[in-house]
Amino acid sequence: MTTYRVLTDEDVAQFLQRGFVKLPQAVPPDIIAEYTANVWERLGYDPDRPDTWEKHWQPLPHTKGKEVREISPVIYDAICDLCGEDRIGKAWWGDSLIVNLGRAEDEAAWEPPTATAPGWHTDGDFFKHFLDSPEQGLLTIVLWSDVTPRNGATFVVGDSVPHVAKHFAAHPEGLMPNDLSTREHVQKCTDFFEATGEAGDVYLLHPFVIHASSRNATRRLRLITNPPVHLKEPMNFNRPDGDYSLVERAILNGLGVPHYDFQPTAPREKVETGRERAKREAEAAKAAS
Ligand SMILES: [Fe+2]
């Protein structure tokens, strides 16, 4: 019987069935204040002049960061419970806030999360995906502001893990980030919800959970980050001692087997992201001019 540091039996059952745990009020208020204090200066916007906000959505580059274990021992312990303490490579959070201010048009256009909503994806645009990939050990959603319904909350598909797991298992040669058949998987799912909560709440999700950004119909500032947790080694679905992490266990459950002998048949690869390509092309254009 595995003993967990912070997760309750209900948390464990929910993670295995719906792919997430929610840690309420897990980020200390002083860290929230520190990471969000100058957000309007960083945006360059007047908070009282919505008519002048040029971009309704933007990711801010980080200016500071800390190890998760420094920010919140509870969050770090929960990550250990999900991934296995000695298997975590990097768990670091910066203030790279993803800002959603909404637009007037979002109020009328907002729709609840369903299979037909736009933007469904799994995270990890920087690597070729295999069933056991270590690059994205968990998906994390940190709420740095209150996030109410219709406020640009991340849309989540709680029952997506088995479909993604089966797809990856069928492709030991690996899949590029834009070739994951996410929309097909979503058509088979029914557990759609908004990741709402209060500033300081943290969602830790299985890396195979399909999700999407949504419109902010309220025009109230919405701040989140979604830092990945990196694993030291690829996941292992055939452990002789049966010491599977909860992330691994959810994948085995999704495949419907007690263990699975997975071997990639092609090399792991780093993938150039859209951000990296834009930067490279801008630098090349500058050098050529
Ligand atoms: Fe995402």
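To be clear, the structure that these remarks concern was listed above.
What counts, and at which threshold
- Residues numbered from 1 in each chain as written.
- Predicted model: local features only at pLDDT ≥ 70, side-chain atom pairs only at ≥ 80, totals over all residues.
- Heavy atoms only, no water.
- Phe/Tyr/Trp six-rings, centres within 6.5 Å; stacked < 30°, edge-to-face > 60°.
- Helix = DSSP H or I, 4+ residues; strand = E, 2+ residues; numbered from the N terminus.
- Buried < 20%, exposed > 50% of the residue type's maximum accessible area, 1.4 Å probe, protein only.
- Pairing = 2+ DSSP bridges.
- Axes fitted to C-alpha atoms, helices over the stretch in contact; angles between N-to-C directions.
- Contact = heavy atoms within 4.5 Å.
- Donors = N, O, S within 2.8 Å, 3.2 Å for Na, K, Ca; no water.
- Parallel < 35°, antiparallel > 145°, perpendicular 65-115°, else oblique.
- Left-handed = near helix turned anticlockwise from the far one by under 90°.
- Nonpolar A, V, L, I, M, F, W, Y, C, P; charged D, E, K, R; others polar.

Novice: Explain the packing of aromatic side chains to me, and be specific about the residues and the numbers.
Specialist: All chains considered together, the criterion is met by ten aromatic pairs. Geometrically, the ring pair formed by W40 and W53 is tilted, given 5.3 Å between the ring centres and 35° between the ring planes. Placement of W40 in helix α3 (residues 39-43) and of W53 in the loop between α3 and β2 (57-59) is noted, with a sequence separation of 13 residues between them. Across this residue pair, the class does not change: W40 and W53 are buried. Ring geometry for W110 against F155: centres 6.2 Å apart, planes inclined by 85°, an arrangement best described as edge-to-face.

Novice: Could you give an account of the sheet that holds strand β6 (residues 98-100), naming the residues involved and the relevant values?
Specialist: Pairing within the open sheet is antiparallel, and its six strands lie in the order β1-β10-β7-β12-β6-β2. Of all strands in the sheet, those bounded by a partner on one side alone are β1 (20-23) and β2. Each strand of the sheet is rotated relative to its neighbour by a mean of 20°, with strand direction disregarded. In this structure, strand β7 (residues 139-143) lies alongside strand β12 (residues 222-225), joined through two bridges in antiparallel fashion. Looking at β12, one finds that L143 is bridged to I224. Across the sheet, helix α1 (residues 9-18) is in contact with β1 and β10 (202-205); its angle to β1 comes to roughly 135°.

Novice: Can you tell me about the coordination of the iron ion, naming the residues and giving the values?
Specialist: Ligation of the iron ion by protein atoms is provided by H121 (NE2), D123 (OD) and H211 (NE2), these donors lying 2.0 to 2.2 Å from the ion. Mapped onto the sequence, the donors of the iron ion take the spacing H-x1-D-x87-H. Taking the relative accessible area as the measure of exposure, D123 reaches 13% and is therefore buried.

Novice: Explain the packing of α1 against helix α9 (residues 246-255) residue by residue, including any values.
Specialist: The contact between α1 and α9 brings their axes to 9 Å, and the two run at 45°. What the angle tells us is that α1 and α9 run oblique. The crossing of α1 and α9 is right-handed. On the side of α1, the interface is formed by V12, F15 and L16, while α9 contributes L246, V247, R249, A250 and N253. Partitioning the contact of α1 with α9 into residue classes produces six nonpolar, one polar and one charged.

Novice: Could you give me a rundown of the sheet that holds strand β9 (residues 192-194), with the residues and numbers involved?
Specialist: Strand pairing within a sheet occurs via backbone hydrogen bonds; the two strands may be parallel or antiparallel. Reading across the sheet, the three strands line up as β9-β8-β11 and stay open at both edges, with antiparallel pairing between neighbours. In this open sheet, the two edge strands, each paired with only one partner strand, are β9 and β11 (210-212). In this sheet, neighbouring strand axes are inclined to one another by 25° on average, regardless of whether the strands run parallel or antiparallel. The pairing of strand β8 (residues 155-157) with β9 spans three bridges and is classified as antiparallel. From the neighbouring strand, V157 faces β9, where its bridge partner is F192.

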